[in-house]
Amino acid sequence: METKRRPGRNRSTEVGEVRTLERGLHLLEVLSEAETLSLSELARRTDLSPSTAYRLLETLRRRGFADWDEARGLWKVGLRAYQVGSAFLTRGGLIEAATPEMEKLVDELNETVNLAVLDGHEVIYIAQVEGRQLIRMFTRIGARAPIYCTGVGKALLLEHSEAEVRRIVGAGPFKPYTAKTITTLERFLHTLHEARQRRYVLDDEEREDGVRCIAAPIHDNRGKVVASMSLSAPATRVPDERLPELGARVRQAADAVSARLGWAGSQAPGSTCT
């Protein structure tokens, strides 16, 4: 069946509109990663002229997707972008299912707990319950991080095949953030292999000096890993002798979330989804 075009529209008009949409979305993506940016910096990062960037930002502002901080002369993400993003993050009840277990972990261990999902070659933090210690870990919701040096990233790939891991993280070498960062693909694969039996992973000060994270995967009703949960704390509060205890508890919490999402495998302790 031939698609009818609306009167007065032609192919070049439609292509131009799509290009404008792409540019607007790119601006929003860059803005979300940096929190706040000046017009000139936004234009530079998106390869747009300042005038084009301004017109697009004004359109986003009118729709509530961008906001202008006049006092500081900076642009930031608007409330409407958060509302749209929340619709994605709550699909399938993931955050709703995870929040009670995250709160239980914080009540028991008094450390910060994060929830993250995979997005291409990175992880995105989508929920957090902060610990109540004077010194506690904090990650901005919506923040992105590399897969290879984060607990949540490792957990998300824990049950992937070697071929899938290679495709997702790339061949390396990987950027070092600390002296303990895993920088080679082979070592990363070995780390995942070692962690598969215990079903939890460790970020051993690999992203940030003095911070350890323990993470475990979360499955949906089909047994697919859709998220991961991590406990983050200063390394002094997560010594080696506590790793088995804390790892088992984080894994138990992740399995409880999986059960809420309908994963039957979480009813069998020690089972591994394939």
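First things first, this report covers the structure right here in the doc. All values derive from a computational prediction rather than experimental measurement.

## Observations regarding the pattern of salt bridges
Logical step 1: Evaluation of the coordinates by the stated rule reveals 20 salt bridges.
Logical step 2: Here arginine 212 ties to aspartate 240 by a salt bridge, and the two come within 2.8 Å at their closest N and O atoms. Placement of the pair is arginine 212 in strand S8 (residues 211–219) and aspartate 240 in the loop between strand S9 (225–234) and helix H9 (243–260), with a sequence separation of 28 residues.
Logical step 3: Each member of the salt-bridge network shares a partner with another, and the members are Lys180, Asp204, Glu205, Arg212 and Asp240.

## Remarks on the packing of helix H5 (residues 94–109) against H9
Logical step 1: Closest axis-to-axis distance for the H5/H9 pair is 8 Å, and the angle between their directions is 160 degrees. Taken together, the axes of H5 and H9 lie roughly antiparallel to each other. Once H5 is placed against H9, the crossing between them reads as right-handed. Listed contacts from H9 to Ala97, Ala98, Pro100, Glu101, Lys104, Leu105, Glu108 and Leu109 of H5 are Leu246, Arg249, Val250, Ala253, Ala256, Val257 and Arg260.
Logical step 2: Here the contact of H5 with H9 is built from residues that sort into ten nonpolar, no polar and five charged.

## Quick word on the nonpolar core
Logical step 1: If you look at the biggest cluster of nonpolar residues, it comprises 32 residues, and the most contacted ones within it are Leu94, Met102, Leu115, Ile214, Ile218 and Met229.
Logical step 2: For this core, the elements supplying multiple residues, two or more each, are H5, strand S4 (112–119), strand S5 (122–129), S8, S9 and H9.
Logical step 3: Ranked by residues supplied to this core, first place goes to H5 with eight residues.
Logical step 4: Formed by 26 residues, the second largest nonpolar core is a distinct cluster that contains Tyr125, Cys149, Val152 and Phe188.

## A word on the pairing of strand S3 (residues 74–77)
Logical step 1: Of the strand pairs in this sheet, strand S1 (residues 36–37) and S3 are connected by two bridges, and their pairing is antiparallel. Counterpart to leucine 37 in the pairing with S3 is tryptophan 75.
Logical step 2: Examined bridge by bridge, strand S2 (residues 66–69) and S3 share four bridges and lie antiparallel to one another. Within the sheet, the bridge partner assigned to alanine 66 lies in S3 and is valine 77.
Logical step 3: Count of turn residues in the S2/S3 antiparallel hairpin: four residues, of which glycine 73 carries a positive phi of about 70 degrees.

## Digging into helix H8 (residues 185–195)
Logical step 1: Those residues of H8 not exposed but buried are Leu185, Phe188, Leu189, Thr191, Leu192 and Ala195. In a view along the axis of H8, the buried residues occupy a sector of 155 degrees, so they form one face of it.
Logical step 2: Those residues of H8 that are buried lie in contact with helix H6 (151–157), helix H7 (162–169) and strand S7 (201–204).

## Some remarks on unusual backbone geometry
Logical step 1: For the bond running from glycine 172 to proline 173, omega is 0 degrees, close enough to zero to count as cis.
Logical step 2: Along the chain, the position of proline 173 falls in the loop between H7 and H8.
Logical step 3: In this model, arginine 199 sits at a positive phi of 65 degrees, which is unusual for a non-glycine residue.
Logical step 4: Along the chain, arginine 199 falls in the loop between H8 and S7.

## Structural notes on the sheet that holds S2
Logical step 1: Strand order in the open sheet formed by three strands is S1-S3-S2, with antiparallel pairing between adjacent strands. Two strands lie at the open edges of the sheet, namely S1 and S2, each paired on one side alone.

How each quantity is defined
Residues numbered from 1 in each chain as written. Predicted model: local features only at pLDDT ≥ 70, side-chain atom pairs only at ≥ 80, totals over all residues. Heavy atoms only, no water. Salt bridge = Lys/Arg side-chain N within 4 Å of Asp/Glu carboxyl O. Helix = DSSP H or I, 4+ residues; strand = E, 2+ residues; numbered from the N terminus. Axes fitted to C-alpha atoms, helices over the stretch in contact; angles between N-to-C directions. Parallel < 35°, antiparallel > 145°, perpendicular 65-115°, else oblique. Left-handed = near helix turned anticlockwise from the far one by under 90°. Contact = heavy atoms within 4.5 Å. Nonpolar A, V, L, I, M, F, W, Y, C, P; charged D, E, K, R; others polar. Core = buried A, V, L, I, M, F, W, Y, C linked by side-chain atoms within 4.5 Å. Buried < 20%, exposed > 50% of the residue type's maximum accessible area, 1.4 Å probe, protein only. Pairing = 2+ DSSP bridges. Arc of directions from axis to C-beta.

So far we have only geometry, and geometry alone does not tell us how the molecule works.
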